Amino acid sequence: MKFDSVIIGGGVAGLSCAIRCAEAGLKTAVIAAGQSALHFSSGSIDVLSRLPDGQPVANPFSAFDELKNQSPEHPYSKLGERATRDALDWYQAMMEKCGVYLTAQEDGANHLRVTPMGTFRSTWLSQQTVHQFPLKDVAKGLSSVALVTIDGFRDFQPKLAADNLAKLPQFKDVTITTAAVELPDFETMQRNPCEFRSIDLSRVLRDETKLCAFAKSLIQHVGKADLVILPSIFGNGDGAATIKLLEGLTGFKICEIPTMPPSLLGIRLEEAMKSHFKALGGLILAGDEVKRGEFEDGELKRIYTKHHHDMPLVADNYLIASGSFFSRGMSAQRHAIEEPIFGLDMTDLPHRDHWYQPEFFAKQSHPFLKMGVTCNSQLQPSINNQSISNLYCAGALLAHYDPVFEGCGSGVAISTGYHVAEKMIKAQHQTTEHAQQERTIA
């Protein structure tokens, strides 16, 4: 099978690249081995929350110059501020077409989102159903907050979250209450305590009659509150519409927070992107995985997958966005880290004793999180120090940044995926023009 571009990996980086390629008319295929890390994500888009030295960042783009000073090989340092902004602007507009509205603060600063633990994480874009707490005035406009769960639902404990919120000095004048609301038909749905999850609740609440009953119960248990915080249990595709309806029924301002996996906020992004890609004519080879590739003269000529056996997939350009350790994009041996598909060159490794900090919740980054594939300024990897001209890398596979400590995982994924797509589009246009010129001469 012949394509213009083949994308290895169905996460944020891979899908961003694939969608942009498909928008430009490239025949594009995505090879997705399984569920992406979006099923475990917050559903918000982090751009940059901390510099490598640990300094908090209020405005991500204003910090790019200092980031380049501290980390010249950081993916953002290779792309630059303008290219990163263009990618995120494109992503925001593209997701809006898909019905997922992602917004930032008017001044371009980060905001805080509340976690299921009652703590805060800095981010840049959040979905319309997520309350944005301003960095400078976290409790702005709030005198009372209610944290609510579903009676019998085990993936969100509002009392734990409320205790942590109450410890914050910004919330000393805010009344914080908790409640457990009964869901219609809960007893008939529940089979055992280990398999009842957010996605089960979302199926029940799609029924408008049951949603109305839930709304009445919510009013009775909460009474009055400036903000009602609920676990994300309102569907992946139609969740925002369901919450808007619930707000109309109750009069409450509602904020969703991600729960234990599966995270419906993350799934909402993934399904919207996949649906849009397919609508553009893209092909997703779900449940398949690349086993090996064949290289000639510094180019990747063809790849072989688990399901297609001896029938290769051929493309003019390839992207590998297979993720980090979690997604099996990298594998760790006792004294080595490797990229298992092509054997791409990795960062220099210190002794294993220096792969991590002594404490799990350390004030500095764990070194292993910055390990990955080394690339040139064009995001092209190498094998035995020879660059592969038509192969690119994007997302968590890249070296020299810590997506967790620096709070930049999704921002790097989107910007590098988009950046590679633009290079693929340009290369394809040049190839087409060259072919037309040859035909004209002939």
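The structure displayed is predicted, hence computed values, not measured ones.

1. Observations concerning the overall build of the chain
Alright, step 1. Looking only at helices and strands, the chain features eleven helices and 20 strands.
Alright, step 2. Relative to the globule expectation of 22 Å for 442 residues, the C-alpha radius of gyration of the chain, 23 Å, shows essentially globular dimensions.
Alright, step 3. Along the first, second and third principal axes, the C-alpha atoms of the chain reach 80 × 45 × 40 Å.
Alright, step 4. In the chain, once contacts between residues fewer than 6 apart in sequence are set aside, the share between residues at least 24 apart is 67%.
Alright, step 5. Element-wise, carbon and sulfur atoms account for 50% of the exposed surface of the chain, whose accessible area totals about 20,300 Å².
Alright, step 6. The positive charge centre, built from 42 side chains, and the negative charge centre, built from 50, are 2 Å apart in the chain.

2. Re the pairing of strand S1 (residues 2-8)
Alright, step 1. Within S1, six of the seven residues are buried, which leaves the element mostly enclosed by the surrounding structure.
Alright, step 2. One ladder, built from six bridges, connects S1 with strand S15 (residues 314-320); its direction is parallel. Within the sheet, the bridge partner assigned to isoleucine 8 lies in S15 and is isoleucine 320.
Alright, step 3. Sheet topology note: the S1/strand S2 (residues 28-32) ladder contains four bridges and is parallel.

3. Some details on the sheet that holds strand S12 (residues 283-286)
Alright, step 1. Read from one edge of the open sheet, five strands run S12-S2-S1-S15-S20, paired in parallel fashion. The sheet is open, and its two edges are formed by S12 and strand S20 (391-393), each paired on a single side. Strand-to-strand twist in this sheet, taken as the mean axis angle between neighbours without regard to direction, amounts to 20°.
Alright, step 2. Judged from the three bridges that link them, S15 and S20 form a sheet pairing that is parallel. If you follow isoleucine 320 over to S20, its bridge partner there is cysteine 393.
Alright, step 3. Helix H10 (residues 264-279) contacts S2 and S12 of the sheet and is inclined by roughly 130° relative to S12.

4. As for the side chain of glutamate 270
Alright, step 1. For glutamate 270, the location among the structural elements is in helix H10.
Alright, step 2. Residues in contact with glutamate 270, not counting those within four places in the same chain, are Gly10, Leu15, Ser36, Leu38 and His39.

5. Examining the packing of aromatic side chains
Alright, step 1. Tallied over the full model, the rule gives nine aromatic pairs.
Alright, step 2. An angle of 85° between the planes, with centres 5.4 Å apart, marks the rings of phenylalanine 61 and tryptophan 124 as edge-to-face. In this pair, phenylalanine 61 sits in the loop between S2 and helix H2 (64-70) while tryptophan 124 sits in the loop between strand S5 (120-123) and strand S6 (126-127), placing the two residues 63 residues apart along the sequence.
Alright, step 3. We classify phenylalanine 61 as buried; its relative accessible area is 3%.
Alright, step 4. Ring plane angle 65° and centroid distance 5.0 Å describe the contact between phenylalanine 120 and phenylalanine 133, whose orientation is recorded as edge-to-face. Taken together, the positions of phenylalanine 120 in strand S5 and phenylalanine 133 in strand S7 (residues 133-134) put the pair 13 residues apart, joining distant regions of the chain.

6. Quick word on the pattern of salt bridges
Alright, step 1. Going through the model one piece at a time under the given rule, you end up with 14 salt bridges.
Alright, step 2. With a shortest N-O distance of 3.3 Å, arginine 20 and glutamate 23 are connected by a salt bridge. Note that arginine 20 and glutamate 23 are positioned in helix H1 (residues 12-23) at a spacing of three residues, about one turn of the helix.
Alright, step 3. Using a relative accessible area of 18% as the deciding quantity, one classes arginine 20 as buried.

7. Some details on helix H5 (residues 158-166)
Alright, step 1. Those residues of H5 not exposed but buried are Pro158, Ala161, Ala162, Asn164 and Leu165. Looking straight down H5, one finds that the buried residues subtend no more than 165° of arc, so they occupy a single side.
Alright, step 2. For H5, the secondary structure elements touched by its buried residues are strand S4 (111-114), S5, strand S8 (144-150) and strand S9 (175-181).

8. A few points about the state of the cysteines
Alright, step 1. Here the structure, examined in full by the defined rule, presents zero disulfides.
Alright, step 2. Here cysteine 17 stays unpaired: no disulfide links it, and the sulfur of cysteine 21, its closest cysteine neighbor, is 4.2 Å away.
Alright, step 3. Judged by its relative accessible area of 0%, cysteine 17 falls in the buried class.

9. Things to note about the nonpolar core
Alright, step 1. Judged by nonpolar contacts, the single largest core of 82 residues is most densely connected at Tyr91, Ile303 and Phe342.
Alright, step 2. Excluding residues that lie within four positions of it along the chain, tyrosine 91 makes contacts with Ser16, Ile45, Leu102, Leu269, Met273 and Ile414.
Alright, step 3. Formed by 43 residues, the second largest nonpolar core is a distinct cluster that contains Val148, Ala161, Leu211 and Phe252.

10. A short note on the packing of helix H4 (residues 81-97) against H10
Alright, step 1. Axis separation between H4 and H10 bottoms out at 10 Å; the angle between their running directions is 85°. Put simply, H4 runs roughly perpendicular to H10. For the pair formed by H4 and H10, the contact residues are Tyr91, Met94 and Met95 on the first element and Leu269, Ala272, Met273 and His276 on the second.
Alright, step 2. Class assignment of the residues belonging to the contact of H4 with H10 gives a composition of six nonpolar, one polar and no charged.

11. Comments concerning the pairing of strand S13 (residues 290-296)
Every other side chain in a regular strand lies on the same face of the sheet, so the side chains alternate between the two faces.
Alright, step 1. The pairing of S13 with strand S14 (residues 299-305) spans six bridges and is antiparallel. Note on S14: the bridge partner recorded for glutamate 296 is glutamate 299.
Alright, step 2. Taken together, S13 and the strand that follows it, S14, pair antiparallel across an intervening segment of two residues, in which aspartate 297 is found at a positive phi of about 55°.

12. Re the sheet that holds S8
Alright, step 1. Taken in spatial order, the four strands of this open sheet run S9-S8-S10-S11, and their pairing is parallel. Either end of the sheet is taken by a strand with one partner, and the two such strands are S9 and strand S11 (254-257). Averaged over all adjacent pairs, the angle separating strand axes in this sheet is 25°, with direction ignored.
Alright, step 2. Here seven bridges tie S8 to S9, and the two strands are oriented parallel to one another. Each residue of the ladder has a partner; that of alanine 146, found in S9, is threonine 177.

Rules and cut-offs
- Residues numbered from 1 in each chain as written.
- Predicted model: local features only at pLDDT ≥ 70, side-chain atom pairs only at ≥ 80, totals over all residues.
- Heavy atoms only, no water.
- Helix = DSSP H or I, 4+ residues; strand = E, 2+ residues; numbered from the N terminus.
- Rg over C-alpha atoms; globule rule 2.2 N^0.38 Å.
- Contact = heavy atoms within 4.5 Å.
- Areas by Shrake-Rupley, 256 points an atom, 1.4 Å probe, with all protein chains shown as cover.
- Lys, Arg positive; Asp, Glu negative; His and termini not counted.
- Charge placed at Lys NZ, Arg CZ, Asp CG, Glu CD.
- Buried < 20%, exposed > 50% of the residue type's maximum accessible area, 1.4 Å probe, protein only.
- Pairing = 2+ DSSP bridges.
- Axes fitted to C-alpha atoms, helices over the stretch in contact; angles between N-to-C directions.
- Phe/Tyr/Trp six-rings, centres within 6.5 Å; stacked < 30°, edge-to-face > 60°.
- Salt bridge = Lys/Arg side-chain N within 4 Å of Asp/Glu carboxyl O.
- Arc of directions from axis to C-beta.
- Disulfide = S-S within 2.5 Å.
- Core = buried A, V, L, I, M, F, W, Y, C linked by side-chain atoms within 4.5 Å.
- Parallel < 35°, antiparallel > 145°, perpendicular 65-115°, else oblique.
- Nonpolar A, V, L, I, M, F, W, Y, C, P; charged D, E, K, R; others polar.

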